[in-house]
Each structure stands twice: as C-alpha cells, then as structure tokens.
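Each chain, written out:
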Amino acid sequence: MGLWQIDTDVLARSRFVLSPFAETFASLKLLHAGTGAHPGEEAWLRAHLPGYRARLAADRVAALVVRAALGRSWIADFFCPTSCEGESFEETVARVRATGAEEARANLRVSLRGPLPGALERDDLPERATALLTYVWEETVQPYWERRRRVLEADMVARTARVSQGGWAAVLDSLKPGTRWLGESRFQVNLNAYQPREIAAGADLLFMPVTPRTGWVSWEGRERYAVVYSCLGVLAEDHDRRPLPAGLGALIGTARAGLLVLLGTPMSTTQLVAVTGQGLGSVGRHLRVLLDAGLVERRRAGRSVLYVRTAAGEVLVEASGTGPAQAAKKASR
C-alpha cells in the first residue's frame, strides 16, 4: 500500500486549498474515462466529450501522450505537477511546458512501465501536453469555474469543521477510497504497493478537492505533497442542472424550493451559500421561512449547525416529483 510517514508538525500545518489545475486534470481523467458518476457528470460529458475526442483525433500525438501519461497506477510526473497554494491554472501548466524533453519521455516510460511507442520518441511532448490541458481548462472547466469554486469551497468548509470535531484521523479516513489514518504518524494514501515516503518537518501537505469522482496523490521533491480527492457527493452533483418542478416553486418560491431539495442531506448555511451562490442573508431568510413552516429542522454537529428536511418536507418534495422515490421510479423505466 502507499504509505506516508507524516511529521506531526506537518499534519498540524496541513490545509485545504483550491487548485484550478487539479480540477482541470480531474476533468481530463473524466473525459478519458468517458463515463459519468451521476447525471450532472453525464450531462457535462454529453456537452464536451465529442469536442474532446475530435481534438484528440486531430492530434494523435496528444492522444498517445494522454494514454501513456495516465498509466495504470502511476501518472507521469511532468503531466500533473503539484499546485502551490493560490496558484492559477496558467502558473501550474507553465511548469508542464517547462519540462525538458528527455525528462518527459522518462516520466512516460515510468507510467507505461515499459518502452515508449515510436510516435512518442520526440521532443515536443511537453508542448503537446500543455496545449491539451489548456484546451480542457478553457473549453470544459473555465465556463463552469465560478460554480465549481463555490462547491469546492463548501467542501473545504465541511472538512475543516470535521477536523475541529473529530480530529484529522476522521477526515483522512473519509477523503477517498484507500485513504486511512493508521496511527503513529502513518497515513495510507492508496492501496498501491509503493515504497513508504517520509514527509519531514518543513514540508507542505495540501488537500485539494475536485468535483469529478476521482483522486490521486502527488509531490514536488520533498517540500510539497498533495492529496487530491473527490468532494462530498451532495455538493459535487450538478444541482444547477436539476430542474425544479414548477408546482413546488410556485408554492414556496424557487429559491426556497431549491434549498428544500438540497436539504435531503444535512448542510450548513455556509455550504448552502457556496453551492447556490445566494447571499448569506438571503439563505438565512429562506431557511427561517422553511423552519417556521416545519419543512426543515436544525441539528447541531459539534460547533456546526446543520439543516435537513423534516418528514413534512420529505412529503412535499416527494409529492412534487423530485424526491429519491421518484428518481428511482424514473431510473427503472
């Protein structure tokens, strides 16, 4: 298994950060897989997979680079650098472009676990990779970035709150499949059989959420390490694309109806603000109306206050045709 031995001070100073590059790379992996994990991803793929495949068909070298770089259990280092805190997509991808040709080829041999195809024995691989990553960012991620940023910020708020409630062990156990805090400063980062790595004092340990259902780990030398993980499912799903029934919106208002649909899973005010894009005051007023109507209730989780639908709220959502029972019926048809 992949095991990191983490200095206590490093873990104490670790933090959650936004990375436009990580979101772009996760989206590239989703395009490469071609199958979404939920309706929002499927809708996004329908919009962008044809263009992505046409892009690769027009640049067969880039297509080979992607296939080789993603590998089976190792991503080519040059293709996926570890973002710094506050770094823009352009700043991170510039490091892909700056990679030497021989280093890029060597990285691809590692991810392929063997020799390169003859078509990749060339010097412009970093430029080809940069052009493809830039395409994915500009065409498939940047148009949605404001909403995705809100979703990622909400996830970071939720995870940070969980640290204060249950400590880092509770958070590390839940990041992604294969991650587990083993005690005695040992963090299992995946199930791959690699040599343990010691993260010494002074290093940065960053946790980066992405909206697609994927994840990986990366590092730059011995000074910066990152765990990229999929953010909470209820946040990652594309609620903006989920139509609200006109009847429910007419009855309680579209903004309140949207909150009521979201609150099938407990969420904090901060999370609701981040996911919906509504102001804090607006969300607070709508929650007060829903509370007074008995459609939602408050629950305290440590220092956080979470809102969730009541039984009456469930009945209203189910009757409107947006609840899980209706979704299951539609899925079975």
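Criteria and cut-off values
- Every residue gets a number counted from 1 within its own chain, in the order that chain's sequence is written.
- At least 70 in pLDDT is required for a residue's local features to be given in this predicted model, at least 80 for side-chain atom pairs to be given and counted, and no such filter applies to totals for whole chains, interfaces and linings, which use all residues.
- Side-chain metrics rest on all non-hydrogen atoms present in the structure, leaving aside hydrogens and water.
- Excluding any residue in a salt bridge, patches collect residues exceeding 30% relative accessible area, merging like charges within 9 Å and nonpolar Val, Leu, Ile, Met, Phe, Trp and Tyr side chains within 5 Å.
- Surface accessibility in these figures is a Shrake-Rupley result with a 1.4 Å probe; residues are shielded only by whichever protein chains are displayed.
- In what follows, salt bridge is the name for a side-chain nitrogen of Lys or Arg lying within 4 Å of a carboxyl oxygen of Asp or Glu.
- When charges are counted, neither His nor the chain ends are considered; positive counts come from Lys and Arg and negative counts from Asp and Glu.
- In plain terms, the charge of a residue is placed at NZ if it is Lys, CZ if Arg, CG if Asp and CD if Glu.
- In DSSP terms, a helix is any run of H or I states spanning at least four residues, a strand is any run of E spanning at least two, and both are numbered starting from the N terminus.
- Burial classification: accessible surface area is computed with a 1.4 Å probe over protein chains only, and a residue below 20% of its type maximum counts as buried, one above 50% as exposed, and the rest as partly exposed.
- Within a predicted model, pLDDT stands for the predictor's per-residue confidence, ranging from 0 to 100.
- Only heavy atoms matter for contacts: two residues are in contact if any of them lie within 4.5 Å across the pair.
- Geometry is summarised by axes, namely lines fitted to C-alpha atoms with helices restricted to the contacting stretch, and by angles between N-to-C directions that run from 0 to 180 degrees.
- Oblique is the label for every angle not falling under 35 degrees (roughly parallel), over 145 degrees (roughly antiparallel), or within 65 to 115 degrees (roughly perpendicular).
- Three residue categories are used. Nonpolar comprises Ala, Val, Leu, Ile, Met, Phe, Trp, Tyr, Cys and Pro, charged comprises Asp, Glu, Lys and Arg, and polar comprises the others, including Gly.
- Crossings are classed by handedness, with left-handed meaning an anticlockwise turn of the near helix from the far one by less than a right angle and right-handed meaning a clockwise turn.
- Here the aromatic set is Phe, Tyr and Trp, taking the six-membered ring for Trp, and pairing holds for ring centres within 6.5 Å; pairs whose planes are under 30 degrees apart are stacked, those over 60 apart are edge-to-face, and all others are tilted.

### Section: a negative patch on the surface
- A cluster of acidic residues, Glu90, Glu91, Glu138 and Glu139, forms a negative patch at the surface.
- Counting residues per element, the ones that place at least two in the negative patch are helix H5 (89-97) and helix H7 (125-141).
- Examined against the element boundaries, glutamate 139 turns out to sit in helix H7.
- According to the relative accessible area criterion, glutamate 139 is partly exposed, its value standing at 43%.

### Some remarks on the confidence of the model for the protein
- Within the protein, residue pLDDT values average 87, and 90% of them lie at 70 or more.
- In the predicted structure, residues 324-333 sits below a pLDDT of 50 and forms 5 contacts with residues beyond four places in sequence or in another chain.

### A few points about the packing of helix H4 (residues 60-70) against helix H6 (residues 101-112)
- Look at H4 against H6: their axes get within 7 Å of each other, and the N-to-C directions meet at 60°. With respect to H6, the axis of H4 lies oblique. Contacts between H4 and H6 involve Val65, Ala68 and Ala69 from the former and Leu108, Ser111 and Leu112 from the latter.
- Classifying every residue of the contact of H4 with H6 gives 5 nonpolar, 1 polar and no charged.

### As for the packing of helix H12 (residues 269-276) against helix H13 (residues 280-292)
- Running from N to C, H12 and H13 cross one another at 115°; their axes reach a closest spacing of 9 Å. When you trace H12 past H13, the crossing you get is right-handed. Contact residues: Thr269, Leu272, Val273 and Thr276 in H12; Leu280, Val283 and Leu287 in H13.
- By residue class, the composition of the contact of H12 with H13 is 5 nonpolar, 2 polar and no charged.

### Digging into the packing of aromatic side chains
- Counted by the stated rule, this structure contains 16 aromatic pairs.
- Geometrically, the ring pair formed by phenylalanine 16 and tyrosine 229 is edge-to-face, given 6.2 Å between the ring centres and 80° between the ring planes. One end of the pair, phenylalanine 16, is in strand S2 (residues 15-16); the other, tyrosine 229, is in strand S8 (residues 224-230), with 213 residues separating them in the sequence. There is no split in this pair, since phenylalanine 16 and tyrosine 229 are both buried.
- Their ring planes at 20° and their centres at 6.0 Å tell us that phenylalanine 21 and phenylalanine 89 sit as a pair that is stacked. Here phenylalanine 21 is found in helix H2 (residues 20-33), whereas its partner phenylalanine 89 is found in helix H5, with 68 residues between them in sequence.
- You can call phenylalanine 21 buried: its relative accessible area is 1%.
- Judged by its relative accessible area of 2%, phenylalanine 89 is buried.
- A connected cluster of aromatic rings, assembled from ring pairs, spans Phe21, Phe25, Phe78, Phe79, Phe89, Trp137, Trp145 and Trp216.

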